[in-house]
Amino acid sequence: MYPKSFKKLIENFAALPSVGPKMAERLVLHLFRQDPAKVQDFAENLERIQHLSLCTRCFNIAEDELCEICKDHGRNTKLLCVVEEPLDIISIERTKIYNGLYHVLGGVIYSDEKSTELKIPELLNRVKKDGVKEVIIATNPTTEGDATAFYLKKKMSDLSIRVTRLARGMTTGGDIEYADELTLSAALANRRDV
Ligand SMILES: [Zn+2]
């Protein structure tokens, strides 16, 4: 009933997380009614994300070898905030109170699974090599997030650095990605040693 390209695009949208078939139809119809220049811009941006990669230092999303945060010389390189995913960086950046660098683990440790995919060796390497003074562990307040924080603390216990964790202002099981700026600012300001 729809033209083929229209139907295909609906399928593309419907395959995205949190987008159901009805929503996909509405989105495609919306795009169809847009000004062609806007659709062109959308298509070009979509094309461009294929060329993005991960920052070779912190594993944030980057256009070049280093991400925008790592490239910024105004940041405090002695302070490192460890997060699960790149989207957590966006939330923490919104608070505007953090001026250190980041390290994206790429997930958390699950008890039934080896953590070889996580960027933990790279983290330990950076801490030693770059003379980091404090590591703030900002994994989500979930069972796995806690286990990961505990594991990282153990791994760094013989290094003479401060290891802290975000305060428990956030609801247990909540996501840093969805936390509001005030909650996250308080959790950062009240971080505690682990
Ligand atoms: Zn980076």
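Before any of the text, the structure's been laid out above.
About the criteria used
Residues numbered from 1 in each chain as written. Predicted model: local features only at pLDDT ≥ 70, side-chain atom pairs only at ≥ 80, totals over all residues. Helix = DSSP H or I, 4+ residues; strand = E, 2+ residues; numbered from the N terminus. Buried ≥ 20, exposed ≤ 12 C-beta atoms within 10 Å, placed from the backbone. Axes fitted to C-alpha atoms, helices over the stretch in contact; angles between N-to-C directions. Parallel < 35°, antiparallel > 145°, perpendicular 65-115°, else oblique. Left-handed = near helix turned anticlockwise from the far one by under 90°. Contact = placed C-beta atoms within 7 Å. Nonpolar A, V, L, I, M, F, W, Y, C, P; charged D, E, K, R; others polar. Core = buried A, V, L, I, M, F, W, Y, C linked by C-beta atoms within 7 Å. Expected span 1.5 Å × (residues − 1). Arc of directions from axis to C-beta.

### Comments concerning the overall build of the protein
Turning to step 1, where the next piece is worked out: Scanning the protein from terminus to terminus reveals eight helices and seven strands.
Turning to step 2, where the next piece is worked out: Overall, the protein is about 65 × 35 × 35 Å in size when its C-alpha atoms are taken along their principal axes.
Turning to step 3, where the next piece is worked out: Burial statistics for the protein: of 194 residues in total, 24% are counted as buried.

### Details of the packing of helix H1 (residues 4-14) against helix H2 (residues 21-33)
Turning to step 1, where the next piece is worked out: Where H1 contacts H2, the axes come no closer than 8 Å and their chain directions differ by 125°. As the angle between them shows, H1 and H2 are arranged oblique. Considering how the two elements wind past one another, H1 and H2 form a crossing that is right-handed. Residue-level contacts link Phe6, Leu9, Ile10, Phe13 and Ala14 of H1 to Pro21, Ala24, Glu25, Leu27 and Val28 of H2.
Turning to step 2, where the next piece is worked out: Here the contact of H1 with H2 is composed, by residue class, of nine nonpolar, no polar and one charged.

### Some words on the nonpolar core
Turning to step 1, where the next piece is worked out: With 35 residues, the main nonpolar core has Cys81, Val82, Val83, Val135, Ile137 and Ala138 as its most contacted residues.
Turning to step 2, where the next piece is worked out: The element best represented in this core is strand S3 (residues 76-83), accounting for four residues.
Turning to step 3, where the next piece is worked out: Ignoring sequence-local partners within four residues, the contact set of Ile137 consists of Val82, Ala149, Leu152, Val163, Thr164, Arg165 and Val194.

### Quick word on helix H7 (residues 143-156)
Turning to step 1, where the next piece is worked out: An ideal rise of 1.5 Å per residue puts 20 Å on 14 residues; H7 measures up with 20 Å between its terminal C-alpha atoms.
Turning to step 2, where the next piece is worked out: All buried positions along H7 are accounted for by Gly145, Thr148, Ala149, Leu152 and Met156. Taken around the axis of H7, the buried residues stretch over an arc of 100°, which confines them to a single face.
Turning to step 3, where the next piece is worked out: Buried positions along H7 lie against S3, helix H6 (120-129), strand S5 (134-137) and strand S6 (162-165).

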